[in-house]
Amino acid sequence: MSVDLAKAVGYQLQDQPVSWTKKDLLLYAVGIGAKKDDLAFVYELDKSFAAFSTYPVVLGLKGSSTDVTDFNKNVRQGETVPGLPKFDPSRIVHGSQSIESLKPLPLESGEGWKLKKRIIGIHENKSGVIVDTEALLVDGNGVPYSRMVSATFNVGGKATGEKFSKALASAPSSQPVPKDKSPDYAVSETTSEEQAIIYRLSGDFNPLHIDPRIGQRAGFGGPILHGLSTFGFAARAVLKTVGNNDSTALLAFGARFSSPVKPGDVLETSIWKMSSNTSAVVEVAFSTKNLTSGKVCLGAGMAR
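## Digging into the overall build of the protein
Here comes step 1: For the protein, the count of helices and strands is 8 helices and 11 strands.
Here comes step 2: Relative to a compact globule of 304 residues, whose C-alpha radius of gyration would be 19 Å, the protein shows 19 Å and is just as compact.
Here comes step 3: Taking the principal axes of its C-alpha atoms as reference, the protein extends roughly 55 × 50 × 45 Å.
Here comes step 4: Here the protein holds 304 residues, and the buried ones make up 45% of them.
Here comes step 5: Put simply, of all contacts in the protein between residues at least 6 apart along the chain, 73% involve residues at least 24 apart.
Here comes step 6: Accessible surface for the protein amounts to roughly 15,000 Å². Of this, 51% is attributable to carbon and sulfur atoms.

Set out below in structure tokens:
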């Protein structure tokens, strides 16, 4: 297949059927570190029981499956996009993720839900190719509930060599964290040594997150935590401090993945309010640091 990056921008991927149950919502909440006092997310009989706002980010890998899936097989059999070069699946890195909540999720999906996905941007640099994918979560009537944008960095991907860059749309923009102001909130949490074992049950069965041999071969010294679990830890920190733990308060959330986290590491999310207290919608900037490694693991964080 010939390489024509411009041809790939705007390409509509096949619709992906998805589904979930109350049990899936409970499992996801625990996978992102929800605690015993987070009853609205971990207890199905609580009067405020609801889906945590970032739950839809798992659906791209979970799909409509109710059982374990073969991660490596799914990656190998991924849809071919006209115009893109063939990428090495072992060198694809999840660069960033965002989600916008358009409507509160029902507690169970029912029939007909799907992800409608398209390539909205491609950016080439000397190290590889970044592909931005938009996914709309819609119900059986086509009503959108969430909009997600993920960026994958295909390390070593060769294309035009001309630093091609084109985008039809983008993720919500972030603001730099203030350098001259202490955070309004700082939330520290210790991840469980079994955190990845729990999170993978939401649908991401990548062996890198559980098999010590694979983690060692990849240079991590063992399994690493799913980036989207760390993403969820930060979302919980923002929702609890700024949104009063109200499931409907988090309208948008996004971050860039910048370094790995190991199960058992300590995370600290620093949060700055970027808009006035009188604003109808509070704009937030945040970063999450892995206190165990000393490195920022989530950068360019935004929420509203």
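## What about the nonpolar core?
Here comes step 1: Counting residues in each nonpolar core, the largest one holds 41 residues, and the members touching the most others are W20, L137 and F253.
Here comes step 2: Elements with a contribution of two residues or more to this core: α2 (22–31), β4 (128–138), β5 (144–155), α8 (227–242), β8 (252–257), β10 (284–290) and β11 (295–303).
Here comes step 3: Apart from the residues lying within four places of it in its own chain, the contact partners of W20 are L25, Y55, L59, K62, L105, P106, L107, E108, S109, W113 and L137.
Here comes step 4: Core analysis: the second largest hydrophobic core is formed by 12 residues, V81, F87, I119 and F164 among them.

## Regarding the pattern of salt bridges
Here comes step 1: Applying the stated criterion across every chain, the model contains 12 salt bridges.
Here comes step 2: Across the pair D38 and R236 runs a salt bridge whose closest N-O atoms are separated by 3.8 Å. Placement of the pair is D38 in the loop between α2 and α3 (39–42) and R236 in helix α8, with a sequence separation of 198 residues.
Here comes step 3: Among the residues examined, R236 registers a relative accessible area of 8% and is labelled buried.
Here comes step 4: In the salt-bridge network here, residues are joined through shared partners; they are K35, D38, E189, R236 and K240.

## Here we look at α8
Here comes step 1: The first and last C-alpha atoms of α8 sit 22 Å apart over 16 residues, in line with the 22 Å expected at 1.5 Å per residue.
Here comes step 2: Across the 16 residues of α8, 12 count as buried, placing the element largely inside the fold.
Here comes step 3: Every buried residue of α8 is listed here: L228, S229, T230, F231, G232, F233, A234, A235, R236, A237, V238 and L239.
Here comes step 4: Directly after α8, the chain includes N244, whose backbone phi takes a positive value near 55 degrees.

## Things to note about the pairing of strand β9 (residues 266–273)
Here comes step 1: Note that strand β7 (residues 185–190) and β9 share 6 bridges and pair antiparallel. Following the sheet pairing, Y185 is matched in β9 by I271.
Here comes step 2: With 7 bridges joining them, β9 and β10 adopt antiparallel strand pairing. The partner of I271 across the bridge, within β10, is F286.

## A short note on the environment of T80
Here comes step 1: In this fold, T80 is placed in the loop between α5 (71–76) and β2 (92–101).
Here comes step 2: Each C-alpha atom of the pair T80 and L13 lies 9.0 Å from the other, and the pair is 67 residues apart in sequence.

## Describing the packing of aromatic side chains
Here comes step 1: Evaluated as defined, the whole model comprises 9 aromatic pairs.
Here comes step 2: Ring centres of F41 and F52 lie 5.0 Å apart, and the angle between their planes is 70 degrees; this geometry places the pair in the edge-to-face category. Taken together, the residues span a long stretch of sequence, with F41 in helix α3 and F52 in the loop between α3 and α4 (59–62) at a distance of 11 residues. Accessibility classification places F41 together with F52 in one group, the buried group.
Here comes step 3: Aromatic pair F231 and F253: ring centres 4.9 Å apart, planes at 80 degrees, arrangement edge-to-face.

How each quantity is defined
- Within any chain, residue numbers begin from 1 and follow the written order of that chain's sequence.
- Residues qualify for local features only when their pLDDT is at least 70, as the model is predicted, and side-chain atom pairs are given and counted only at 80 or more; totals for whole chains, interfaces and linings, by contrast, use all residues.
- Side-chain measures here rest on the full set of heavy atoms in the structure, leaving out hydrogens and waters.
- What counts as a helix is a DSSP run of H or I of at least four residues, what counts as a strand is a run of E of at least two, and both are numbered from the N terminus.
- Both definitions apply: the radius of gyration is a C-alpha atom measure, and the globule rule equals 2.2 Å times residues to the power 0.38.
- Buried means the residue's accessible area, taken with a 1.4 Å probe over protein chains only, is under 20% of the maximum for its type, while exposed means over 50%, and partly exposed covers the values in between.
- The contact criterion used throughout is that any non-hydrogen atoms of two residues lie within 4.5 Å.
- The method behind every accessible area is Shrake-Rupley, applied with a 1.4 Å probe, and residues are considered shielded solely by the protein chains displayed.
- The term nonpolar core refers to a set of buried residues drawn from Ala, Val, Leu, Ile, Met, Phe, Trp, Tyr and Cys, joined through side-chain atoms within 4.5 Å.
- Salt bridges are defined by distance alone: a side-chain nitrogen of Lys or Arg within 4 Å of a carboxyl oxygen of Asp or Glu.
- A helix is expected to span 1.5 Å multiplied by its residue count minus one.
- Strands qualify as paired when DSSP identifies two bridges or more between them.
- Here a Phe, Tyr or Trp ring, Trp counted by its six-membered ring, pairs with any other such ring whose centre lies within 6.5 Å, and the pair is stacked when the planes are under 30 degrees apart, edge-to-face when over 60, and tilted otherwise.

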